[in-house]
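So the chains spell out like this:
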Amino acid sequence: MGLRDHVRNLWPTLVRQPVESKVGSSALPLPAPFVVPGGRFREMYYWDSYFTMLGLAVDGQQPLIESMLVDFTATIETQGHIPNGMRTYYLSRSQPPFYALMLDLSKDESPALAARRLAALRKEHDFWMKGASCLDADRACARVVKMPDGSLLNRYWDDRDTPRDESWAEDVATAAQAHAPKAVTYRHLRAGAESGWDFSARWFTDPQKISTIHTTGIVPVDLNSLMLAMEQRIEARCRAANDTVCAGDYAAMAKRRKAAIDRYLWVGHEGRYADWNRIARKPTAIVSAATLYPLFVGAASPEQVKAVSATVRTTLLASGGLRTTPIRTGQQWDSPNGWAPLQWLAIDGLARNGETALARNIAGRWMGTVVAAYAQTGKMLEKYDVEERRPGGGGEYPLQDGFGWTNGVASAILDRYPDIMADFQAEPSKEATAN
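Parameters and conventions
- Residues numbered from 1 in each chain as written.
- Predicted model: local features only at pLDDT ≥ 70, side-chain atom pairs only at ≥ 80, totals over all residues.
- Heavy atoms only, no water.
- Disulfide = S-S within 2.5 Å.
- Pairing = 2+ DSSP bridges.
- Helix = DSSP H or I, 4+ residues; strand = E, 2+ residues; numbered from the N terminus.
- Axes fitted to C-alpha atoms, helices over the stretch in contact; angles between N-to-C directions.
- Parallel < 35°, antiparallel > 145°, perpendicular 65-115°, else oblique.
- Left-handed = near helix turned anticlockwise from the far one by under 90°.
- Contact = heavy atoms within 4.5 Å.
- Polar contact = N/O pair within 3.5 Å; in protein donor to acceptor, adjacent residues only side chain to side chain.
- Phe/Tyr/Trp six-rings, centres within 6.5 Å; stacked < 30°, edge-to-face > 60°.
- Buried < 20%, exposed > 50% of the residue type's maximum accessible area, 1.4 Å probe, protein only.
- Lys NZ or Arg CZ within 6 Å of the ring centre and 35° of its normal.
- Arc of directions from axis to C-beta.
- Salt bridge = Lys/Arg side-chain N within 4 Å of Asp/Glu carboxyl O.

If you look the protein up in an unreviewed UniProt entry, it shows as Alpha,alpha-trehalase from Sphingobium xenophagum.

Below, the structure is given as structure tokens:
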């Protein structure tokens, strides 16, 4: 079976039915069917779902997109935010906020639903910004950081400072090696999980030691790009609802955030967007695929696009796709691994900014990797080694197959570049089929 047909056949196997609230269960109630990533991930996850939806959109599964949006909207209404995953033990943190972009994929334009979604979107924004009311001498509270010029940007955080329920032993072991108080280390680990990049040298003082993690000390470029996109979409939705006061408020927020991103997260002489270390008060030295987020949300100037594209070519582009970072640490969000969501962010961000050749180049390299692994294993995998074009490694758990966001991005790429598979053999080997 060809890869595209394989993905289309996978969607029904990853669908789960509505979840009712049950005493003793950690599962959060969800009113409508949804798609799970696969493997060990048996519930719906936040940022995974956006990339899954990209595939659902081009594979004729629009009703599932609307269904999942029902779940996410209801979760914001009942919980005040979208948690990392749909379990009670994830409620203390979120994940990269893609809800605003998910709404762009909806085709339901009913006024009542639009009003409900706008209210939910504003509520999610409030969740990320509520730390603005408690900024202290440290100039940071919860998910909000006051920059040196007084502007507000966001960071990843977790409301708890204990080991993660799903990775208790690993967190205890890391905290035992750290010099920081255990509770501080636990918070950094949890915040790293909120980032989705759990884990990466992006969050470490010493790139080779997870025990030096200091996630909450970092102002991340990906998060602030998504917050900018959220504010812009709230403005547009408020304007459509004829709420000029709301539209003006969020337009001003977006303008201030864009200026702060350019001032603090753009490193012009290095041709990249960077995370900002709020303790050292300067950009971090880690080059990562997160540098492409401002391009993806339309926040980069032509000059910035050109500079980032050059950095991608020289530092992040591998034979099998886009590297997460160029640093080998043994962590799963570092080299040699590549991840489907970051490939799409790069492809779409570059293409919409005129770098069409580089976008297609990344798409071709990535699909070559996915096809090679599919030929070997007969499966779609969570992550890949883009140096050797094989299944990826590292991290706290074995490589997972399924796999929601890989399926979604593969379908989206093949829909955008329908001839790109001509260069690759798309059938699995007989050995893989036998397994």
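Caption draft 1: Structural context of the state of the cysteines. Applying the stated criterion across every chain yields a total of two disulfides. Within the protein, bonded cysteines paired by disulfides and numbered along the sequence follow the pattern 1-2, 3-4.

Caption draft 2: Representation of the sheet that holds strand β10 (residues 282-283) in the model. Taking strand neighbours across the sheet as the criterion, the three strands line up as β6-β9-β10 in an open arrangement whose pairing is antiparallel. The open sheet is flanked by β6 (218-219) and β10, the only strands paired with a single partner. The sheet contact formed by β6 and strand β9 (residues 276-277) spans two bridges and is antiparallel. Opposite V219, over in β9, you have W276 as the bridge partner.

Caption draft 3: The arrangement of the packing of helix α12 (residues 340-351) against helix α13 (residues 356-377) in detail. Relative to each other, α12 and α13 sit at 160°, their axes nearing to 7 Å. When the interaxial angle is binned, α12 and α13 end up roughly antiparallel. Considering the relative orientation of α12 and α13, their crossing is left-handed. Along the contact surface, α12 presents A340, Q343, A346, I347, L350 and A351, while α13 presents T356, L358, A359, I362, A363 and W366.

Caption draft 4: Structural detail: the side chain of R87. As for its position among the elements, R87 is in the loop between α3 (62-79) and α4 (99-103). Here S26 takes part through its side chain, which lies 3.0 Å from a polar atom of the side chain of R87. Looking at R87, its side chain comes within polar contact range of the side chain of E43, at 2.5 Å. Ignoring anything within four residues of it in the chain, the contact list for R87 reads S26, A27, L28 and E43.

Caption draft 5: The arrangement of the sheet that holds strand β5 (residues 152-154) in detail. The sheet built from three strands is open, its strands ordered β3-β4-β5 with antiparallel pairing. Edge positions in the sheet fall to β3 (140-141) and β5, since each has one partner strand and no second. Across three bridges, strand β4 (residues 144-146) lies against β5 in antiparallel orientation. By the bridge assignment, V145 is partnered in β5 with L153.

Caption draft 6: Just the packing of aromatic side chains, in detail. The full count for this structure, using the stated rule, is 24 aromatic pairs. A ring pair is formed by F127 and W128, whose centres lie 5.6 Å apart and whose planes are at 85°; its orientation type is edge-to-face. This pair shows no difference in class: F127 is buried, exactly as W128 is. The ring centre of W128 lies 5.8 Å from the NZ or CZ of R143, which sits over that ring. Between the NZ or CZ atom of R202 and the centre of the ring of W197, over which it lies, the distance is 4.4 Å.

Caption draft 7: Up close: helix α6 (residues 168-177). Taken together, the buried positions of α6 are occupied by D171, T174 and A175. Buried residues of α6, seen end-on, are gathered within an arc of 100° and therefore sit on one face of the element. Exposed residues pointing more than 90 degrees away from the buried face of α6 are listed as A169, A176 and Q177. Looking at the buried side of α6, the elements it contacts are α7 (182-195).

Caption draft 8: Geometry of the packing of helix α5 (residues 111-129) against helix α9 (residues 244-265). At a closest axis distance of 14 Å, the pairing of α5 and α9 adopts a crossing angle of 40°. Between α5 and α9, the crossing angle belongs to the class labelled oblique. With respect to the hand of their crossing, α5 and α9 are arranged in left-handed fashion. Within the contact between the two elements, α5 uses R122, H125, D126 and M129 and α9 uses C246, Y250, M253 and R257.

Caption draft 9: Representation of the pattern of salt bridges in the model. In the structure shown here, the tally under the stated rule is 28 salt bridges. Two residues, D5 and R8, come together in a salt bridge whose shortest N-O distance is 3.7 Å. With D5 and R8 both in helix α1 (residues 3-10), this residue pair falls three residues apart, about one helical turn. In this structure D5 comes out as partly exposed when scored by relative accessible area, which is 41%. We classify R8 as partly exposed; its relative accessible area is 36%. Among the charged side chains, a salt-bridge network with shared partners connects R93, D158, R160, D165, E166 and R190.

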